Amino acid sequence: MALIEKLKARARTRPQRIMLPEGEDPRVVAAAAAVTREGFAEITLLGRKQIIESVASDSRVPMAGIAVADPAASSRLEAYAQIYHQRRRARGESLEEARETARRPLYFAALAVAAGDADGTVGGAANTTSETVRAALHAIGLAPDAKLVSSFFVMVIPRRAGSDLGATGVLLFADCAVVPDPNAEELAEIARATAENAQALLDVEPRVAMLSFSTKGSASHARVEKVREALRILKARAPELAADGELQADAALLPQVAHAKAPGSPVAGRANVLIFPDLDSGNIAYKLVERLAGAQALGPILQGLDRPANDLSRGCSAEDIANVVAITALQAHGRREKSLEPQMHTDKH
C-alpha cells in the first residue's frame with residue numbers, strides 16, 4: 001500500500017478534475033467522498049442530484065466539496081453533442097443521434113474530457129469494459145502517437161519471506177481487458193505503452209517480459225513465434241528498452257529459474273512488466289493473482305487515448321475506485337506537463 005500512498009501524495013500536489021459517470025452507485029459516492037477528504041482530485045459525480053444525495057444520506061457520506069451534474073439538464077449538452085457529431089458523422093451518425101448519445105453518462109464524461117472541461121474520467125463500476133472503452137474511444141479518440149487502445153493492471157503483490165517480485169512488490173500486467181488476440185505488431189505496441197506507463201507511475205526502469213509457454217526456444221509453435229516477432233518489433237522501435245522473450249512466467253520473475261532457463265537475459269528473473277500473449281491468459285492471470293495471492297489489482301488502466309479515461313472492474317470497491325482516480329489524476333498531470341514541454345523549450349530560445 002506504500003505505492004498507493006505515494007501516488008496519492010503526487011496527485012495531491014496538483015489536484016485534477018475527475019468526472020465519475022456512475023454517480024448514483026453507492027461505491028462511487030463513497031469513493032468521491034474519500035478522494036475529496038484526502039484532497040488528491042476534484043470530483044464531479046454524474047447523475048440525478050436527488051438520487052445521489054439520497055444515496056449519500058443513506059450511506060452517511062458527506063457531499064461537501066463534491067460537484068454533481070445531470071447530463072440531461074446540463075448547459076454543456078449541446079456543445080458535447082456537436083463535438084460527438086464532428087467525430088462520428090463520417091460514420092453516418094446524425095446530430096440528433098449525437099444528442100442522444102451525449103446524454104449518456106459514460107459519453108457525457110468522456111466528451112467533457114475531450115472538451116477540456118474535465119481532466120479525466122473513471123467508469124466501469126456499473127458498465128462493462130467494452131461499453132467504457134467504446135465511449136472513451138469514440139468521444140476522446142486515440143493519441144497521435146498511438147496505434148490502438150489497450151490496458152494494464154497495477155498489481156500490488158503481498159510480500160513473502162524470500163520473495164520480492166517486480167518493483168518492490170509491484171508488477172504491471174498487460175493486456176488484461178481490451179485487445180482479445182493481438183497480432184505481433186499490436187503486442188509490441190502494448191509492451192511499449194505499458195513500459196512507458198511503468199516508468200511514469202512507478203518511477204523505475206521498466207523491465208519487460210514477453211510471456212509465453214516457451215522460454216528461449218523450449219517449444220515451437222505459431223503462438224510462440226508471434227511473441228518472438230513482437231519482441232523483434234519492440235526492440236526495433238524502442239532499442240533502449242530492457243525487454244526480452246519469449247519467457248515463461250517463472251523465468252521472468254524468479255532469479256533461480258531465470259539462471260537455469262534464460263542465462264544472460266537482461267530481464268529474466270527481474271521483470272516488472274509482464275506482457276501476456278492474449279486476453280485469455282492476461283485476464284485469467286490477473287484474477288488468479290488477485291484472488292489466490294491476495295494482490296491488489298488497480299485498473300484496468302487504459303493507454304493509447306488522447307486524454308485520460310479509465311475503466312473499473314464491476315466487482316470493485318470504493319477504495320479501488322479512489323485508487324484508480326489517483327492514477328487517472330497522475331495521467332492527466334503527466335499529459336499536461338508533456339503538452340507544455342514544446343512551449344517551455346521555445347521560451348528558452
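Rules of the game
Per chain, residues are indexed from 1 in the order of the written sequence. Per-residue local features of the predicted model are confined to residues with pLDDT of at least 70, and side-chain atom pairs are confined, for both listing and counting, to 80 or more; whole-chain, interface and lining totals are unaffected and use all residues. Hydrogens and waters are ignored; side-chain quantities use all the structure's heavy atoms. Patches in this entry comprise residues that are over 30% relatively accessible and not in a salt bridge; like charges within 9 Å are linked, as are nonpolar side chains (Val, Leu, Ile, Met, Phe, Trp, Tyr) within 5 Å. Shrake-Rupley sampling with a 1.4 Å probe provides the accessible areas, and residues are treated as covered by the protein chains on show and by no other component. A side-chain nitrogen of Lys or Arg and a carboxyl oxygen of Asp or Glu constitute a salt bridge if their distance falls within 4 Å. Secondary structure follows DSSP: runs of H or I at least 4 residues long count as helices, runs of E at least 2 residues long count as strands, and numbering of each begins at the N terminus. We call two residues contacting when some pair of their heavy atoms lies within 4.5 Å. Definitions used throughout: a 1 Å grid over protein atoms alone; a cavity as a set of points that fits a 1.4 Å probe which cannot get out; a pocket as an open set with protein on both sides within 12 Å along at least five of seven lines; a lining residue as one with an atom within 4 Å of a point. Grid points are joined across faces, edges and corners, and a volume is the space filled by probe spheres set on the points.

## As for a nonpolar patch on the surface
- On the surface, Ile284, Leu288 and Leu292 cluster together into a nonpolar patch covering about 330 Å² of accessible area.
- When you line up the elements, Ile284 lands in helix H12 (residues 279–292).

## With respect to the environment of Ala174
- Position of Ala174 among the secondary structure elements: in strand S6 (residues 170–174).
- C-alpha of Ala174 to C-alpha of Ile190: the two residues are 16 residues apart in sequence and 7.1 Å apart in space.
- Apart from the residues within four sequence positions on either side, Ala174 is in contact with Ser151, Phe152, Ile190, Thr194, Leu274, Ile275 and Phe276.

## Brief notes about empty space enclosed by the protein
- A complete count under the given rule lists two cavities of 30 Å³ or more for this structure.
- When its volume is computed, the largest cavity comes out at roughly 60 Å³.
- Residue lining of the largest cavity: Pro21, Leu106, Ala110, Thr121, Val122, Gly123, Thr132, Ala135, Ala136, Leu302, Ala309 and Asn310, and that is the complete set.
- Contributing elements (two or more residues each) for the lining of the largest cavity: helix H6 (105–115), strand S4 (120–122), helix H7 (129–139) and strand S11 (309–310).
- When residues in the lining of the largest cavity are grouped by element, the largest group, three residues, is from H7.

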